[in-house]
Amino acid sequence: MAIPDFQTIMLPLMQMASDGQEYSLREAIEQLSHHFHLSDQERQEMLPSGRQATFDNRVGWAKTHLKKAGLLQTTRRGYFQITPRGQTVLDSKTDKIDGKLLEQFPEYIAFRTLNRDQVSPNVVDSASQEKTPEENLELIVQGLTQDLASELLENIKVCSPSFFETLVVDVLVKMGYGGTRKDASKIVGRSGDGGIDGTINEDRLGLDIIYVQAKRWENPVGRPEAQKFAGALQGFRAKKGIFITASSFTAEARDFVSRIESKIILIDGQALAQYMIEFGVGVSTKEIYEIKKIDLDYFTE
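Residues numbered from 1 in each chain as written. Predicted model: local features only at pLDDT ≥ 70, side-chain atom pairs only at ≥ 80, totals over all residues. Heavy atoms only, no water.

Novice: Before we move on, could you go through the environment of M276 and cite the residues and values that matter?
Specialist: Inspection of the secondary structure puts M276 in helix α13 (residues 269-279). Assessed through its relative accessible area of 3%, M276 is described here as buried. Between the alpha carbons of M276 and D170 there is a distance of 9.0 Å; along the sequence they are 106 residues apart. (Helix = DSSP H or I, 4+ residues; strand = E, 2+ residues; numbered from the N terminus. Buried < 20%, exposed > 50% of the residue type's maximum accessible area, 1.4 Å probe, protein only.)

Shown next as structure tokens:
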């Protein structure tokens, strides 16, 4: 048979996960390839880039859409599991799961709306026909980056507190703080008194010190926690601080830090994921496309 599209894969993927067990993407690909009776040739068929198998790519996208709709959830790095909502959908005895069915869930509508605004990685809509090829390419890259940021944030939220502290160190060092990775690891990520988790050099020479608090929390960080951090900075006679969380900050917390004398930067989960992408932490380059233009100097006689 032909390789199924990613929407056709959704229902068998959910049925596979219906036992409530954790599955990795690789396990899902193997089981689903048998479900669809794919030949070795079909399993080996590659995307035009030649970097990933077509079927593997489609299983990955099926999982992404189901997660965005809340039917699957990330349990730990690299693993997923069915949710109560997903079990309810299966119990309804539906004979098809596709984008139309998933649009009953607000989270999925928000996901699709975002991707329509930025051009979905899967479909270039009619509005994009009015844009230049370069503009469309930029929009597609933005959409893929947004999906990557969401996946990073899901993994951040299920990692251990100690791993989160290591992640924070890696991001800060990549951004140019703390000197070497070895130097930074000595001072960041250690629990301290007064709301300070650690300190890190602002530059390689250590001309100034920045105080850091890194919390892998689920709930939004409110003004009281921001006030405690600001008070701790005053206790150390410090003027600069970075508060990093895997969740978000309330409007009251952001308003508070904007009004005080100390300079406190708030980095929420979304911003942290974007920094990880920008500075290459926890991500790798999947593909590089070269766009060439004519060299008019070559044709100058």
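Novice: Describe the packing of aromatic side chains, and please don't skip the residues or the numbers.
Specialist: Tallied over the full model, the rule gives 9 aromatic pairs. Their ring planes at 75° and their centres at 6.3 Å tell us that F36 and F55 sit as a pair that is edge-to-face. Taken as a pair, F36 in the loop between α2 (25-35) and α3 (40-44) and F55 in helix α4 (residues 54-68) lie far apart in primary sequence, 19 residues in all. The class of F36 is buried, set by a relative accessible area of 7%. (Phe/Tyr/Trp six-rings, centres within 6.5 Å; stacked < 30°, edge-to-face > 60°.)

Novice: Tell me about the packing of helix α1 (residues 6-17) against α2, residues and numbers included.
Specialist: At a minimum axis distance of 10 Å, the contact between α1 and α2 shows a crossing angle of 115°. Where α1 crosses over α2, the handedness of that crossing is right-handed. Across the interface between the two elements, I9, P12, L13 and M16 from α1 touch A28, Q31, L32 and H35 from α2. Taken together, the residues of the contact of α1 with α2 sort by class into 6 nonpolar, 2 polar and no charged. (Axes fitted to C-alpha atoms, helices over the stretch in contact; angles between N-to-C directions. Left-handed = near helix turned anticlockwise from the far one by under 90°. Contact = heavy atoms within 4.5 Å. Nonpolar A, V, L, I, M, F, W, Y, C, P; charged D, E, K, R; others polar.)

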